[in-house]
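Examination of the molecular architecture
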Amino acid sequence: MDFFEAQDRARRRSKRLVFLFVLAVLGTIVAGYAAAWFAVGGLEYQGFARDRHGQRQYRTSGTRPLFDPKLFLGVAGTTLAVVSLASLYKWSKMRHGGAAVAEMVGGRRVDPKTRDFRERQLLNVVEEMAIASGIPMPAVFILDGEPGLNAFAAGLTTADAAVAVTRGTLDKLTRDELQGVVAHEFSHILNGDMRLNVRITAIVFGILVIGLIGRGILRALFRGRVRTSGKKKGGEIPVLLAIGLALMIIGYIGYFFGRLIQAAVSRQREFLADASAVQFTRNPLGIGGALKKIGGYALGGTMLNNHAGEIGHFFIAQAFKSNFGGLWATHPPLDQRIKAVEPSWDGKLFDPPAVVDINNESFATAGFGGGTRHTPEETFRRVQEAQPDLPPPRPPARMAFAPAKAVVDIGALTDSHFRHAQALIQSIPERLREAVRDAAGAQVVVFGLLLNGDKTARDAQQIIVEKHAGAEASAQLAGYRSALSVLHPDARLSLLQLALPALRELDAAGLDRFATTLDELVHADAQVTPFEYALQKMLLSQLRLAQSPNRTLQFDSFPAVANDINTVLSALAHFSPTESTRAFAAGATQLPLLAGRLTLMEPAACGLERVDAALDKLAVCSLAIKKRLLIAAAHVIGSDGTISPEEGELYRALVATLDLPMPQLGTAAAG
């Protein structure tokens, strides 16, 4: 199952989920109507008879029909209003992305410049996963007040994702186990589970609010906070008591079934995420060991924060005690999950961990002298030096390229991508990796990636940086030149991925200033290279998507975007070393629904400005259109069976603009 199939399956699950929750809301309405029917008089009621002109004639009594349209519409309207408003409120609280969810449960954003050994290790693991899977580096959070072992990923898109782990996870897991946990969470990011999780939370909260209103009324009554008039005091209290009790019962009945649906949807996805973690790391002992420790420690995955129950289906392990015989369990039993990744498991949960006491600065870590005492800084240095010295890949100017496999590998979690990512990260000079961990340094490094090889043009670019970012930034840029000069070409876009978390901290004015500087640097020599375009387009599209992640679908018809597809394929064909007509035809044949509507445009008619506008429109197309576009574009680029680094960068810019993950083509395309 490729990325697009996984996303499509997530959308189908979302539709089924909405249908089931509609049934739960309807059940709540029926229960509310029944309560209201009894509350307003039950079988007997008083009313007025009317003549044929509609005038009241005399008072009468009779039997209330089982279905009273006015009463039903009143109950239904009120219920739908409460559920909708509450769901929208919860959605508004979570629509700001994964960081908002992490902060809601007490998360603390990890300082990118941290020298804490375990925090640095966590950041390194997330960086490796991000580059390997081809998504922007997520924000990383630690839940300091949570001693249990748990973790989650949250967000609406890959551009605003966040990965959070508890303090217990950070302190008790080895690097391999932590790697397995993070890989599990990346599977949820890539499979489209995050947005679905937010929807589940919002809808369940909407149903719950009815019960909370009833509980609030009862609590106010029992605490004497509801005042009534003297004459009607004897009658008002019982009525309010009945209303509060009815609302609480009705709300919690709906909530009960909502949580059942929530749990059932969540359980189905955990086995897939565990299997993806094994596939990604090629190490079943990583995720398997983490699950054993979750089962072996007394706290397990238990969360203490009051809001944790709302997002229990986000976590890697059961975050709260499951009631009703496990019906509310958001995760399958741990023994089943462990058996799935380690079929030969002997049933033992975990071995006592090595002693790590960060506060006392003493470490007993395997491979570093047993019980030898080291400071955290010394241990960090030793671990860094112990990393395998993997040489960065050195592909030829043009390398073999299989278009179909490149598309299949979008969003894939494979060991080859992971190892390639590790090599790329190690090839980046440490000075640059440190620089991109804060917003100021990240901007300067990005400016440096655009420096021209010609000294005159480079000096002009330096002046542009000083004009917009100041003398200090210009001086920093001059200091980074030597490190940038040895940066491997394949690592340039990976360095951008590492810079994204810091750049997301820019406010609107700072982002506009940064974008203006980028544009002037790109056009400083009056020409735009494929890399310059790829860098600018990838970076700004991801940053703007992170600020406004609620991108809505606008086009699901191929003819509606035929001209835009034609523009993109024509531009790629003119970059190809193959004869442009043949390269364009190779891509056009992959779009049978547009047969006869695609023709190669002249270079002037498909310049980068027009490509830019076309990509912005294609970014809000359906996944089916995006997939066929990427297949066609890959065939244009690979019409001769090879791809150049410049073409690869253009293709990755195309994929990133469509908000899709794209691993390094050096590993994804070969085949």
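Residue numbers here run from 1 along each chain, matching the order of that chain's written sequence. Where local features are concerned, this predicted model is filtered to residues with pLDDT of at least 70; where side-chain atom pairs are given and counted, the filter is 80 or more; whole-chain, interface and lining totals use all residues. Heavy atoms from the whole structure form the basis of all side-chain values; hydrogens and water molecules are not counted.

**Digging into the overall build of the chain**
- The number of helices and strands found in the chain is 26 helices and 10 strands.
- Burial classification: accessible surface area is computed with a 1.4 Å probe over protein chains only, and a residue below 20% of its type maximum counts as buried, one above 50% as exposed, and the rest as partly exposed. Here the chain holds 671 residues, and the buried ones make up 54% of them.
- The criterion used for residue contact is that any of the two residues' heavy atoms lie within 4.5 Å. In the chain, the share of contacts with a sequence separation of at least 24, taken over all contacts with a separation of at least 6, comes to 76%.
- Total accessible area on the chain stands at roughly 29,200 Å², and carbon and sulfur atoms take up 57% of it. Counting from the N terminus, the helices are the DSSP runs of H or I reaching at least four residues and the strands are the DSSP runs of E reaching at least two. Surface accessibility in these figures is a Shrake-Rupley result with a 1.4 Å probe; residues are shielded only by whichever protein chains are displayed.

**Describing the sheet that holds strand 6 (residues 162-166)**
- By this definition, two strands are paired if DSSP reports at least two bridges between them. Read across the sheet, four strands follow the order 3-4-6-5 without closing on themselves; strand pairing throughout is mixed. The open sheet is flanked by strand 3 (108-109) and strand 5 (151-154), the only strands paired with a single partner.
- In this structure, strand 4 (residues 139-143) lies alongside strand 6, joined through five bridges in parallel fashion. The partner of Val140 across the bridge, within strand 6, is Val163.
- Across the sheet, helix 4 (residues 117-133) touches strand 3, strand 4 and strand 6, and the angle it forms with strand 4 is around 140 degrees.
- Each axis is a line fitted through C-alpha atoms, and for a helix only the stretch in contact is used; angles between axes span 0 to 180 degrees, taken between their N-to-C directions. This element, helix 6 (residues 175-190), spans strand 5 and strand 6 of the sheet and lies at about 25 degrees to strand 5.

**What to know about a nonpolar patch on the surface**
- Each patch is assembled from residues with relative accessible area greater than 30% and no salt bridge, linking like charges that lie within 9 Å and nonpolar side chains (Val, Leu, Ile, Met, Phe, Trp, Tyr) that lie within 5 Å. Any carboxyl oxygen of Asp or Glu that lies within 4 Å of a side-chain nitrogen of Lys or Arg is treated as forming a salt bridge with it. A cluster of nonpolar residues, Phe19, Leu20, Val22, Leu23 and Leu26, forms a patch on the protein surface that exposes about 450 Å² of accessible area.
- Take Val22: it is sitting in helix 1 (residues 3-39).
- According to the relative accessible area criterion, Val22 is partly exposed, its value standing at 40%.

**Section: the packing of helix 21 (residues 562-575) against helix 22 (residues 580-588)**
- Running from N to C, helix 21 and helix 22 cross one another at 140 degrees; their axes reach a closest spacing of 8 Å. Put simply, helix 21 runs oblique to helix 22. As for how helix 21 packs across helix 22, the hand of that crossing is right-handed. Of the residues in helix 22, those in contact with Asn566, Leu569, Ser570, Ala573 and His574 of helix 21 are Ser580, Ala583, Phe584 and Gly587.
- Residues of the contact of helix 21 with helix 22, tallied by class, amount to four nonpolar, five polar and no charged. Angles are sorted into four bins: roughly parallel if under 35 degrees, roughly antiparallel if over 145, roughly perpendicular if 65 to 115, and oblique for all others. By the definition used in this description, the sense in which the near helix is turned from the far one sets the handedness, with an anticlockwise turn below a right angle giving left-handed and a clockwise turn giving right-handed. In this count, Pro and Cys sit with the nonpolar residues alongside Ala, Val, Leu, Ile, Met, Phe, Trp and Tyr, while Asp, Glu, Lys and Arg are called charged and the others, Gly among them, polar.

**Points about the pattern of salt bridges**
- Tallying each qualifying case throughout the model produces 24 salt bridges.
- Across the pair Glu505 and Arg109 runs a salt bridge whose closest N-O atoms are separated by 3.5 Å. With a gap of 396 residues between them, Glu505 in the loop between helix 18 (492-503) and helix 19 (508-522) and Arg109 in strand 3 connect regions that are remote in the sequence.
- Note that Asp438 is salt-bridged to Lys113, the shortest N-O span being 3.3 Å.

**Section: the side chain of Arg118**
- Looking at the secondary structure, you find Arg118 in helix 4.
- Polar contacts involving the side chain of Arg118 include one to the main-chain carbonyl oxygen of Leu170, which spans 3.3 Å. In protein, a polar contact means a hydrogen-donor-capable atom and an acceptor-capable atom, both N or O and within 3.5 Å, with residues adjacent in sequence counting only if both atoms are side-chain atoms; elsewhere, any N or O pair within 3.5 Å suffices.

**Digging into unusual backbone geometry**
- Here the phi dihedral of Asp659 falls at roughly 60 degrees; this positive angle occurs in a residue that is not glycine.
- Along the chain, the position of Asp659 falls in the loop between helix 25 (645-657) and helix 26 (665-668).
- With relative accessibility at 17%, the residue Asp659 sits in the buried group.

**Considerations on the pairing of strand 4**
- Strand 4 sits mainly inside the fold: five of its five residues count as buried.
- Residues Ala139, Phe141 and Leu143 point to one face of strand 4 and Val140 and Ile142 to the other, with burial holding for every one of them.

**Some details on the confidence of the model for the chain**
- A score between 0 and 100, pLDDT records how confident the predictor is in each residue. Taken as a whole, the chain shows an average pLDDT of 78; of its residues, 77% reach a score of 70 or greater.
- Ignoring residues within four places in sequence, the model shows residues 379-393, a span with pLDDT below 50, making 28 contacts including any to other chains.

**Observations regarding the nonpolar core**
- Throughout this description, the term nonpolar core refers to a set of buried Ala, Val, Leu, Ile, Met, Phe, Trp, Tyr and Cys residues connected via side-chain atoms within 4.5 Å. Formed by 90 residues in total, the largest nonpolar core has its most connected members in Phe514 and Leu539.
- Aside from chain neighbours lying at most four places away, what touches Phe514 is Gln443, Val446, Phe447, Leu503, Leu506, Leu539 and Leu543.
- By size, the runner-up hydrophobic cluster in this structure holds 49 residues, among which are Val561, Leu594, Val636 and Tyr651.

**So, the environment of Asp346**
- With respect to the helices and strands, the residue Asp346 is situated in the loop between helix 10 (334-341) and strand 7 (356-357).
- At 3.0 Å, the side chain of Asp346 forms a polar contact with the backbone nitrogen of Lys348.

**A few points about the environment of Tyr33**
- Position of Tyr33 among the secondary structure elements: in helix 1.
- Judged by relative accessible area, which is 9%, Tyr33 ranks as buried.
- Sequence separation between Tyr33 and Ala76 is 43 residues, and the spatial gap between their C-alpha atoms is 7.8 Å.
- Non-local contacts of Tyr33, meaning those with residues more than four positions away in its chain, are made with Pro65, Leu66, Phe67, Asp68, Leu71, Phe72 and Val75.
- Within the local environment of Tyr33, its side chain forms a polar contact with the backbone nitrogen of Asp68, the two atoms lying 2.6 Å apart.

**Some details on the side chain of Thr158**
- The topology assignment puts Thr158 in the loop between strand 5 and strand 6.
- One polar contact links Thr158 to Asp659, side chain to side chain, over a distance of 2.9 Å.
- Once residues within four sequence positions are removed from consideration, Thr158 is found in contact with Ile135, Pro136, Ile189 and Asp659.

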